[in-house]
Amino acid sequence: MGVAVASRTFGQQDLAGYVGLQVWQLAVALRQGLIPAPKHGRWSQTVADQIVAEFAQVVREAVGDRPPVWAADAALLLAHRTGLDVVRDDVDVLAAVGQIPVATVSNGGYNHYCPAQLDRVPVKAVRQAVDDRRAGAPAAYSTWTAVRSLGWRRAEFDRVVRERRFTTGPGGMWRREDIEALAADAELNAGLDAVRLLGANEAAARLSIRRTDWDLIVAAGWVATAGSFEVESARAGYTHTLRVPGYLAADIDAVLTLPGVDWDAVRAAGKGQRSPLRAHVQAPKRAGDALRSFCRNIQAARGIRAWVVYDPPAERWVLNWTLDPALQPTAEQMGKLLDDDPDLAAHRARVHLLTLRWRTVHWARRMLQPGTAVVLDVETTDLDGSVCEIAIIDAATGSTLLDTLVNPGRPISPEAQWVHGISDQDVADAPTWAQVLPQVLAAIGDRRVLAYNESFDRRMVRADTRRAGADVGVLPGPARWGCIMQARSDWWHYEGRIALDGGHRALGDTEAARQVLLDIANSAPPAE
């Protein structure tokens, strides 16, 4: 114990602590070429010291102390500073022409930007981007803008640009000339249109009729769904992909050839006026009206709140509800109630259960039931080291089931000690992992194991069990673990990692993680 290490290597997180930067500052600096790149994913002691001496202050001045923001938030910052009508596409265009460096890129391919670097963009450049966009001639296109301007599906766009070997420029933007060439290719667009699936809103727009009239066409059986396609839906900055039912464009066009329908009269009908199509079909109860009636019935019968939200890109309704003390109705039970409602028969395919936020709330409520789960946290000698402290508490009651230091059999790195404060001397007389493992298994029993950063804690527990010569099969399998940090991100509709303010000791971190779980479970439904 306590053996000095002459030279070591650093991963991204421990390097950030060593050089005095936030992890995000280091990530931005690496992407923007402000620090030397690692070799084989790690930095040597020599390079780390060089960063401290030569680059750390440069990074602070370059990226500032405010974390990167989405393009939509960057647009708001630029609009506030310049007084111009800046939108997210303008920000990505400014990145493409070299006015703003991209800070980071999300898993979904969306750019983030540092507020400090946004503050340095010349007003003239921002005005040029806004003017170009208003004139319909942006200097470059984001993928989303290109797809939208072409009127294509994302999958169609991805396939065509791959076949034509188009590539993006700075900031992941497409050249204006390439997008204009795609738009001008009549043969290509006609071929895509002939086999394209359209959603209900798009079908109504194609026929220049109201959406309610399109519902009557479907109810009459004149057009049937021909498959499904993917759309991107963004709520509170959180983007996810959904599959929606689609209608073949050719089938939609064929509706106009049906005899006996006065399409001019159908198109002339204004909002709230009776549709001429009612002469051909009995209209089902509208989806929104049927769902609101369903929610009122649920509240009256079960004493719980139920409400729906409409997701326009996906052309679907999403039903949310609170739970009674017995954690009912379950999703299966609510689905059966929807299936049995005759007013919803015509709309059932468009009704989905639980937004991501409320699916997470239901999960948290279940995890807090007596005997269901424990919350675990470990402190380690390093990011790739061994456990030097472990704590386990009961998720339902918060009572401590295990709280002990562990002799890791190896030195605790200075960076890890700086984080959690545990020294080699503190663990010198502590039990080894082989001695602690039976207590860990007894504390967990047959319950679920929740951890704030589940993948890290589970990996450390498995690694030390294997090093101790024990069978890792005695540990809970992956299906019995749950990640509170991921739940918190889902609850907030946030794609990034959210730090836990638990003091970096095992017991304190389990208590802080449990409080996150309580906060999620105690979410209030929207005001009526």
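Preceding block: the structure.
What you see is a predicted model, and the numbers here were worked out from it, not measured in a lab.

(A) Expanded view of the sheet that holds strand E4 (residues 104-105). In spatial order, the strands read E3-E5-E4; together these three strands make up an open sheet with antiparallel pairing. Each end of this open sheet is capped by a strand with a single partner; those strands are strand E3 (69-70) and E4. Strand direction decides the pairing type here: E3 and strand E5 (residues 111-113), joined by two bridges, are antiparallel. Bridge pairing in E5 places valine 69 opposite tyrosine 113.

(B) Highlighting the pairing of strand E17 (residues 448-451). Bridge count for strand E14 (residues 373-380) against E17 is three bridges, and the pairing is parallel. Looking at E17, one finds that valine 374 is bridged to valine 449. Across three bridges, the pairing between E17 and strand E18 (residues 481-483) is parallel. Within E18, the position partnered with valine 449 by the bridge is tryptophan 481.

(C) Summary view of the side chain of aspartate 394. Within the secondary structure layout, aspartate 394 lies in strand E15 (residues 387-394). When its relative accessible area of 10% is taken as the criterion, aspartate 394 is described as buried. Apart from residues lying up to four places away in sequence, aspartate 394 is in contact with Ala373, Ser399, Leu401, Arg447 and Arg514.

(D) The arrangement of the sheet that holds strand E11 (residues 306-311) in detail. Across the sheet, three strands lie side by side as E11-E12-E13; this open sheet has mixed pairing. Here the strands that pair on one side only, and so sit at the sheet edges, are E11 and strand E13 (351-353). Averaged over all neighbouring strand pairs, the angle between strand axes comes to 30°, with direction disregarded. Sheet analysis places strand E12 (residues 316-321) next to E13, joined by three bridges and oriented parallel. Pairing of leucine 319 across the sheet is with leucine 353, part of E13.

(E) View of the packing of aromatic side chains. Tallied over the full model, the rule gives five aromatic pairs. Between phenylalanine 157 and tryptophan 174, the aromatic rings sit 5.3 Å apart at their centres with planes inclined by 85°, giving edge-to-face as the arrangement. One end of the pair, phenylalanine 157, is in helix H9 (residues 154-163); the other, tryptophan 174, is in strand E7 (residues 174-175), and 17 residues separate them in sequence. Here phenylalanine 157 matches tryptophan 174 in class, with each residue buried. A ring pair is formed by tryptophan 307 and tryptophan 358, whose centres lie 5.0 Å apart and whose planes are at 85°; its orientation type is edge-to-face.

(F) Just helix H8 (residues 143-150), in detail. Those residues of H8 that fall on the buried side of the exposure criterion are Thr143, Thr145, Ala146, Val147 and Leu150. Downstream of H8 by one or two residues, glycine 151 has phi in the positive range, about 75°.

(G) Representation of helix H11 (residues 186-194). Among the residues of H11, those classed as buried are Leu188, Asn189 and Leu192. The arc that holds the buried residues of H11, viewed along the axis, is 95°, so those residues lie on one side. Those residues of H11 that are exposed and aimed more than 90 degrees away from the buried face are Ala186 and Glu187.

(H) Here's a closer look at the nonpolar core. In terms of nonpolar packing, the biggest core is built from 45 residues, with Leu319, Trp321, Leu450 and Tyr452 touching the most fellow members. Residue assignment for this core shows that the elements contributing at least two residues are helix H16 (287-302), E11, E12, helix H17 (331-339), helix H18 (356-367), E14, helix H23 (484-492) and helix H24 (506-521). Residues in contact with leucine 450, not counting those within four places in the same chain, are Trp363, Met367, Ala373, Val374, Val375, Leu376, Gly482, Ile484 and Leu517. In terms of nonpolar packing, the next biggest core, distinct from the first, is built from 22 residues, Ala451, Val461, Leu475 and Trp481 among them.

(I) Structural detail: the environment of isoleucine 498. As for its placement among the helices and strands, isoleucine 498 is situated in the loop between H23 and H24. In this structure isoleucine 498 comes out as buried when scored by relative accessible area, which is 10%. Once the C-alpha coordinates of isoleucine 498 and valine 23 are considered, the two residues, 475 residues apart in sequence, prove to be 12 Å apart. Filtering out sequence-adjacent residues up to four positions away, isoleucine 498 remains in contact with Tyr452, Met485, Arg488, Ser489 and Trp492.

(J) Seen up close, the pattern of salt bridges. Going through the model one piece at a time under the given rule, you end up with 28 salt bridges. Residue aspartate 185 is joined to arginine 164 by a salt bridge in which the shortest nitrogen-to-oxygen separation is 2.8 Å. Placement of the pair is aspartate 185 in the loop between helix H10 (176-184) and H11 and arginine 164 in the loop between H9 and E7, with a sequence separation of 21 residues. For aspartate 185, a relative accessible area of 22% translates into the label partly exposed.

(K) Unusual backbone geometry, seen in detail. Here the bond from glutamine 328 into proline 329 is cis, since omega is 0°, no more than 30 degrees from zero. When you line up the elements, proline 329 lands in the loop between E12 and H17. The phi angle at leucine 354 is positive, at roughly 70°, despite the residue not being glycine. Its location among the elements puts leucine 354 in the loop between E13 and H18. Taking the relative accessible area as the measure of exposure, leucine 354 reaches 9% and is therefore buried.

(L) Main features of the pairing of E15. Within E15, eight of the eight residues are buried, which leaves it mostly tucked inside the rest of the structure. Pairing analysis gives seven bridges linking E14 to E15, with the strands arranged antiparallel. Each residue of the ladder has a partner; that of glutamate 379, found in E15, is glutamate 389. In this antiparallel pair of consecutive strands, E14 and E15, the connection spans six residues. Pairing geometry for E15 and strand E16 (residues 400-405), over five bridges, is antiparallel. When the sheet's bridge partners are listed, isoleucine 393 is paired in E16 with threonine 400. The antiparallel hairpin formed by E15 and E16 contains five residues in its connecting segment, where glycine 398 sits at a positive phi of about 80°.

What counts, and where the lines are drawn
Residues numbered from 1 in each chain as written. Predicted model: local features only at pLDDT ≥ 70, side-chain atom pairs only at ≥ 80, totals over all residues. Heavy atoms only, no water. Pairing = 2+ DSSP bridges. Helix = DSSP H or I, 4+ residues; strand = E, 2+ residues; numbered from the N terminus. Buried < 20%, exposed > 50% of the residue type's maximum accessible area, 1.4 Å probe, protein only. Contact = heavy atoms within 4.5 Å. Axes fitted to C-alpha atoms, helices over the stretch in contact; angles between N-to-C directions. Phe/Tyr/Trp six-rings, centres within 6.5 Å; stacked < 30°, edge-to-face > 60°. Arc of directions from axis to C-beta. Core = buried A, V, L, I, M, F, W, Y, C linked by side-chain atoms within 4.5 Å. Salt bridge = Lys/Arg side-chain N within 4 Å of Asp/Glu carboxyl O.

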